[in-house]
Amino acid sequence: RKSSYNNIVYSEDFSQVDVSKWQTYQIAAFGSGSVANAITAPDGTLTADKIAALSGTSQPRYFQNTSGSGDWTMSVYAKAAEADCVFLSIYTGSTYKHLYYDLTNESVISATASSYSAVNVGNGWFRVSVTEATTNPFGNISFGLANATLANAGAYFLSDGTDGIYVWGAQLEKGPYAGDYAKT
């Protein structure tokens, strides 16, 4: 499926933390838990990052602010490391719609998004996506680490400061499905 356009800034470089790029909440800095170019990405290049939660944190995540109304699909490639689960969330203008997915057991933990998927792309990698209709102002999209064993999924993710997951290829596009990945 062709992608219309990737609206994410720095889709493969999660070390780019700044108000105009990626923003983080309770994510360990690169060199202090998170690791750039840690493993081979789904495209065969050594460009997948390990993102780690700060010690003792809850809801560690990356997010970007954006705007626009209509159907939007957010996706990211994720692979289990010390942590097993990933979450994706789209703010609709009034509420957050999400997917919490267990990368090890290949199962949905919780989902409120209108549409979601987790496609096994091989070698332990999944392309996880959520689709939701939004109103203007849109707000933000986010993804991060989750905890499968807690009733409210990622709300109380506990870490030693190095627990993390591997991520690569974040994408946000207008439309009802995740199209072909487009690097930004």
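The structure reproduced in this document is the subject of the present report. The structure presented is a predicted model; accordingly, all values stated were derived computationally and were not measured.

Rules used in this analysis
Residues numbered from 1 in each chain as written. Predicted model: local features only at pLDDT ≥ 70, side-chain atom pairs only at ≥ 80, totals over all residues. Heavy atoms only, no water. Helix = DSSP H or I, 4+ residues; strand = E, 2+ residues; numbered from the N terminus. Buried < 20%, exposed > 50% of the residue type's maximum accessible area, 1.4 Å probe, protein only. Contact = heavy atoms within 4.5 Å. Pairing = 2+ DSSP bridges. Axes fitted to C-alpha atoms, helices over the stretch in contact; angles between N-to-C directions. Phe/Tyr/Trp six-rings, centres within 6.5 Å; stacked < 30°, edge-to-face > 60°. Polar contact = N/O pair within 3.5 Å; in protein donor to acceptor, adjacent residues only side chain to side chain.

## A look at the overall build of the protein
Consideration 1: When helices and strands are counted, the protein shows zero helices and twelve strands.
Consideration 2: Starting at the N terminus and ending at the C terminus, the protein contains elements arranged as β-β-β-β-β-β-β-β-β-β-β-β.
Consideration 3: Taking all 184 residues of the protein together, 46% fall into the buried category.
Consideration 4: Long-range pairs, those at least 24 residues apart, make up 71% of the contacts in the protein between residues at least 6 apart in sequence.

## Let's talk about the sheet that holds strand β8 (residues 107-111)
Consideration 1: Strand order in the open sheet formed by six strands is β1-β4-β11-β6-β7-β8, with antiparallel pairing between adjacent strands. Since the sheet does not close on itself, it has two edges, and those belong to β1 (23-25) and β8, each with one partner. Neighbour to neighbour, the strand axes of the sheet diverge by 20° on average, direction disregarded.
Consideration 2: The pairing of strand β7 (residues 96-102) with β8 spans four bridges and is antiparallel. Its bridge partner being in β8, Tyr101 is matched across the sheet by Val108.

## Considering the packing of aromatic side chains
Consideration 1: Tallying each qualifying case throughout the model produces twelve aromatic pairs.
Consideration 2: Note on Tyr77 and Tyr181: the rings are 6.1 Å apart at their centroids and 85° apart in plane angle, and the pair reads as edge-to-face. Taken together, the residues span a long stretch of sequence, with Tyr77 in strand β5 (residues 70-80) and Tyr181 in the segment after β12 (164-174) at a distance of 104 residues.
Consideration 3: When its relative accessible area of 21% is taken as the criterion, Tyr181 is described as partly exposed.
Consideration 4: Here Trp168 and Tyr181 contribute two aromatic rings whose centre-to-centre distance is 4.9 Å and whose plane-to-plane angle is 50°, an arrangement assigned as tilted. Of the two residues, Trp168 is situated in strand β12 and Tyr181 in the segment after β12; the sequence distance between them amounts to 13 residues.

## A closer look at the environment of Thr104
Consideration 1: Looking at where Thr104 falls in the secondary structure, it is placed in the loop between β7 and β8.
Consideration 2: Residue classification places Thr104 among the partly exposed positions, given a relative accessible area of 44%.
Consideration 3: For the pair Thr104 and Ala81, spaced 23 residues apart in sequence, the C-alpha separation works out to 9.3 Å.
Consideration 4: Discounting residues that sit within four places of it in the chain, Thr104 has contacts with Ala80 and Asp84.
Consideration 5: At 2.7 Å, the side chain of Thr104 forms a polar contact with the side chain of Asp84.

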